[in-house]
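Coordinate analysis (summary)
Below are the chains, spelled out letter by letter.
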Amino acid sequence: NYSGAVLIARDGKPVFTAVRGLADREQNIPNTLDTRFRVGSMNKMMTATAILQLVQAGKVKLDAPVGTYLKDYPNKDFASAVTVHHLLTHTGGAGDIFGPQYNANRLSLNTLKDYVGLYGTRAPEFTPGDNNRYANYGFILLGRIIEEISGQTYPDYLRDHIFKPAGMTRTGFEPESMAIAGRARGYV
């Protein structure tokens with residue numbers, strides 16, 4: 001039941017390709033090697049890479065609390081207790097974003113600041129460092145740190161510092177409302 005595309009390259013030359021399934025089930029459009037897919041949670045690897053670039057450049061410290069970089073963070077207790085390392089390792093208790101609150105506000109969440117406005121008053125789900133729980137919101141906060149430190153939007157920073165250097169010319173974070181030629185529809 002796999003639906004997607006695979007390309008494995010060695011020394012810049014494809015050695016294996018495979019394509020299966022439909023990019024759009026309603027229109028019966030098959031996937032191709034050129035189909036564009038949403039990155040979903042794969043952006044966490046890109047976010048971690050971006051944060052570590054900033055650490056390497058001496059602009060971010062892993063043991064620094066969130067409030068060091070997000071000075072106007074709504075929940076001051078959270079901002080002083082949760083570190084960058086906690087966010088990267090899902091040990092800060094930042095929590096998820098999906099659920100009734102997300103569903104009710106989904107169409108108004110256009111920037112990372114919008115997410116902070118919606119979820120920024122929450123307390124950690126547990127004492128930071130005492131547990132490990134997958135936290136989408138933690139990576140949104142890392143994206144905000146990238147924005148604050150770099151002076152670029154999260155998508156622009158990734159484009160300039162990760163995608164372009166890697167030759168990923170068709171990778172980006174266009175909103176779902178934007179029509180993108182050849183982009184697969186998301187299904188659950």
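Residues numbered from 1 in each chain as written. Predicted model: local features only at pLDDT ≥ 70, side-chain atom pairs only at ≥ 80, totals over all residues. Heavy atoms only, no water.

1. Comments concerning the packing of helix α1 (residues 43-56) against helix α8 (residues 154-163)
Direction vectors running N to C along α1 and α8 enclose 75°, while the axes themselves pass 10 Å from each other. Considering the angle they form, α1 stands roughly perpendicular to α8. Residues Asn-43, Met-46, Thr-47, Thr-49, Ala-50, Gln-53 and Leu-54 of α1 form the contact with α8, whose own contacting residues are Tyr-154, Tyr-157, Leu-158, His-161, Ile-162 and Phe-163. Of the residues assigned to the contact of α1 with α8, the class counts are eight nonpolar, five polar and no charged. (Axes fitted to C-alpha atoms, helices over the stretch in contact; angles between N-to-C directions. Helix = DSSP H or I, 4+ residues; strand = E, 2+ residues; numbered from the N terminus. Parallel < 35°, antiparallel > 145°, perpendicular 65-115°, else oblique. Contact = heavy atoms within 4.5 Å. Nonpolar A, V, L, I, M, F, W, Y, C, P; charged D, E, K, R; others polar.)

2. Quick notes on the packing of helix α6 (residues 112-119) against helix α7 (residues 136-150)
One way to put it is that α6 packs onto α7 with a least axis distance of 9 Å and a crossing angle of 130°. It follows from the interaxial angle that α6 and α7 lie oblique. Classified by chirality, the crossing of α7 by α6 is left-handed. Contacts between α6 and α7 involve Leu-112, Lys-113, Tyr-115, Val-116 and Tyr-119 from the former and Tyr-137, Ile-140, Leu-141, Gly-143, Arg-144 and Glu-147 from the latter. (Left-handed = near helix turned anticlockwise from the far one by under 90°.)

3. A word on unusual backbone geometry
The residue Asn-28 is not glycine, and still its phi comes out positive at about 55°. Here Asn-28 shows up in the loop between β3 (22-24) and β4 (29-30). Look at Asn-28 and you get exposed, because its relative accessible area is 55%. With phi around 60°, His-90 is a residue other than glycine that occupies positive phi space. (Buried < 20%, exposed > 50% of the residue type's maximum accessible area, 1.4 Å probe, protein only.)

4. Thoughts on the pairing of strand β2 (residues 13-20)
Bridge count for strand β1 (residues 4-10) against β2 is seven bridges, and the pairing is antiparallel. From the neighbouring strand, Val-6 faces β2, where its bridge partner is Ala-18. In textbook terms, the turn of a hairpin is the stretch between consecutive antiparallel strands, and for β1 and β2 this stretch comprises two residues, one of which, Asp-11, has a positive phi near 55°. (Pairing = 2+ DSSP bridges.)

5. Some details on the pattern of salt bridges
Per the counting criterion, the structure on display carries seven salt bridges. Here Arg-144 ties to Glu-147 by a salt bridge, and the two come within 2.8 Å at their closest N and O atoms. Here Arg-144 and its partner Glu-147 are both found in helix α7, three residues apart, which amounts to about one turn of the helix. Each of the two residues, Arg-144 as well as Glu-147, counts as buried. In this structure, Arg-144 and Glu-148 form a salt bridge, with 2.7 Å as the shortest nitrogen-oxygen distance. In this pair, Arg-144 and Glu-148 both sit in helix α7, four residues apart, roughly one turn of the helix. You can call Glu-148 partly exposed: its relative accessible area is 39%. Connected through shared salt-bridge partners, Asp-156, Arg-159, Asp-160 and Lys-164 make up one network. (Salt bridge = Lys/Arg side-chain N within 4 Å of Asp/Glu carboxyl O.)

6. Side note on the nonpolar core
Membership of the largest hydrophobic core comes to 40 residues, with the highest contact counts inside it found for Tyr-137 and Ile-145. Among the secondary structure elements, those contributing two or more residues to this core are α1, α2 (66-69), α3 (76-81), α4 (84-88), α6, α7 and α8. Of the residues forming this core, the biggest block, seven residues, is contributed by α7. Among all residues touching Ile-145, those that are not within four sequence positions of it are Ile-51, Val-60, Tyr-69, Leu-70, Val-84 and Leu-87. (Core = buried A, V, L, I, M, F, W, Y, C linked by side-chain atoms within 4.5 Å.)

7. Some details on α8
Of all the residues in α8, the buried ones are Tyr-154, Tyr-157, Leu-158, Ile-162 and Phe-163. In a view along the axis of α8, the buried residues occupy a sector of 150°, so they form one face of it. Of the surrounding elements, those touching the buried residues of α8 are α1, α6 and α7. (Arc of directions from axis to C-beta.)

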